[in-house]
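# Structure at a glance
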Amino acid sequence: MTDAETPAVEGQDYSDLRSRTAGFFQAMADADGPKDPAHAAARDGLVALHMPLVEHLARRFRNRGEPYDDLVQVATIGLIKAIDRFDSDRGVEFSTYATPTILGEIKRYFRDKGWAIRVPRRLQELRLSLTAATAELTQELGRAPTVAELSERLGLAPDLVIEGLESANAYNTLSLDAPDQNETDTSTVLDGLGGEDEALESVEYRESLKPLLAQLDTREKRILTLRFFRGMTQSQIAEEIGISQMHVSRLLARTLTELRTGLLKE
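Here goes a summary of the coordinates provided. This one's a predicted model, so the numbers in the text were calculated from it and none came from an experiment.

### Quick notes on the layout of surface pockets
- Estimated volume of the second largest pocket: approximately 320 Å³.
- In terms of lining, the second largest pocket is formed by 13 residues, of which the most central are Leu209, Leu213, Leu224, Phe229 and Leu259.
- For the lining of the second largest pocket, the secondary-structure elements that each account for two or more residues are α9 (203-214), α10 (218-228) and α12 (245-265).
- Here the residues of the lining of the second largest pocket are counted per class, giving 9 nonpolar, 1 polar and 3 charged.

In structure tokens, the structure reads:
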């Protein structure tokens, strides 16, 4: 008896389980098609007989954000698929065959349900490939792989690799009502979003200044740029432009006065 079979026989005699399993499959084979009541009864019997295996495998995935009852339901679907696909003539124990089928169904459920934002299946599968390739290359290279290296490893175009990496951002999201872990109080993430924009008050002034600045000559615009955007002193501006510091001071004072007057008129 293998480890995979153990969960299915807890509290049961293994030889009896094997015998009853074989009997149910024989009844399904002898029935006159899937619509035959005998076929349905044997199928239901197999499901009931192997529910301990279903529950055991479902328990492996508890505490991962999905209700246990839902996991049992998904695992049961996997069991039913295994029953419908099983070929007793191959000489393989049913529980050995059913285990990977059930696990595959549960993992597929997490893959489909785990995405916070619905993305195409191809991108979900691409993410899995990228995750595996990233782990392999990181171990080989001793660093995170580049897009080009991932592209070469997977045989995909760089654009597809980038698309897959970006789609991974849809796998997890954070509720706006979640507590802000960086704070000691009870504030939430939403409380930390937004706020007063200190630059908002100056929008009106900036927009009003645009036509006034456009009327200045090239030298005056340059002096303003050097003084207020590059933070240069009047002496540095004078050296940059090739005029005296006193001349720069007079030009700067005159220009600011004109702009101030223009704003007051507006």
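### Examining the packing of aromatic side chains
- Applying the stated criterion across every chain yields a total of 4 aromatic pairs.
- An angle of 80° between the planes, with centres 5.2 Å apart, marks the rings of Phe86 and Phe94 as edge-to-face. The pair Phe86 / Phe94 is uniform in exposure class, with both members buried.
- In textbook terms, an aromatic cluster arises when at least three aromatic residues are bridged by ring pairs, as seen for Phe25, Phe86, Phe94 and Tyr97.
- The ring of Tyr68 has Arg62 lying over it, and the distance from NZ or CZ to the ring centre is 4.7 Å.
- A cation over an aromatic ring shows up here: Arg227 above the ring of Phe228, its NZ or CZ 5.8 Å from the ring centre.

### Remarks on the packing of helix α11 (residues 234-241) against α12
- Where α11 contacts α12, the axes come no closer than 8 Å and their chain directions differ by 105°. In terms of orientation, α11 and α12 fall into the roughly perpendicular class. For the pair α11 and α12, the contacting residues are Gln234, Ser235, Ile237 and Ala238 in the first and Gln245, Val248, Ser249 and Leu252 in the second.
- By residue class, the composition of the contact of α11 with α12 is 4 nonpolar, 4 polar and no charged.

### Topic: the side chain of Thr21
- Here Thr21 lies in helix α1 (residues 14-30).
- When its relative accessible area of 9% is taken as the criterion, Thr21 is described as buried.
- In this structure, Thr21 is in contact with Leu46, Leu49, His50 and Phe94, ignoring residues within four places of it in sequence.

### A word on the environment of Gly23
- Inspection of the secondary structure puts Gly23 in helix α1.
- The class of Gly23 is partly exposed, set by a relative accessible area of 38%.
- Residues Gly23 and Leu46, spaced 23 residues apart in sequence, show a C-alpha to C-alpha distance of 9.5 Å.

### A few points about the environment of Leu251
- Residue position: Leu251 is located in helix α12.
- With near-sequence residues (within four places) excluded, Leu251 lies in contact with Arg219, Ile223 and Ile243.

### Observations regarding the pattern of salt bridges
- Per the stated rule, a full pass over the model turns up 11 salt bridges.
- Residue Arg18 is joined to Glu93 by a salt bridge in which the shortest nitrogen-to-oxygen separation is 2.8 Å. With Arg18 in helix α1 and Glu93 in the loop between α4 (68-85) and α5 (94-113), the pair connects residues that are 75 residues apart, well separated along the chain.
- Owing to a relative accessible area of 42%, Arg18 belongs among the partly exposed residues under this scheme.

### A short note on α4
- With 18 residues, α4 extends 26 Å between its outermost C-alpha atoms, agreeing within 8% with the 26 Å of an ideal straight helix rising 1.5 Å per residue.
- When α4 is considered as a whole, its buried residues turn out to be Leu71, Val72, Val74, Ala75, Thr76, Gly78, Leu79, Ala82 and Ile83.

Each value, and the rule that gives it
- Residues numbered from 1 in each chain as written.
- Predicted model: local features only at pLDDT ≥ 70, side-chain atom pairs only at ≥ 80, totals over all residues.
- Heavy atoms only, no water.
- 1 Å grid on protein atoms, 1.4 Å probe; cavity = no way out; pocket = protein on both sides within 12 Å on 5 of 7 lines; lining within 4 Å.
- Points joined across faces, edges and corners; volume = space filled by probe spheres on them.
- Helix = DSSP H or I, 4+ residues; strand = E, 2+ residues; numbered from the N terminus.
- Nonpolar A, V, L, I, M, F, W, Y, C, P; charged D, E, K, R; others polar.
- Phe/Tyr/Trp six-rings, centres within 6.5 Å; stacked < 30°, edge-to-face > 60°.
- Buried < 20%, exposed > 50% of the residue type's maximum accessible area, 1.4 Å probe, protein only.
- Lys NZ or Arg CZ within 6 Å of the ring centre and 35° of its normal.
- Axes fitted to C-alpha atoms, helices over the stretch in contact; angles between N-to-C directions.
- Parallel < 35°, antiparallel > 145°, perpendicular 65-115°, else oblique.
- Contact = heavy atoms within 4.5 Å.
- Salt bridge = Lys/Arg side-chain N within 4 Å of Asp/Glu carboxyl O.
- Expected span 1.5 Å × (residues − 1).

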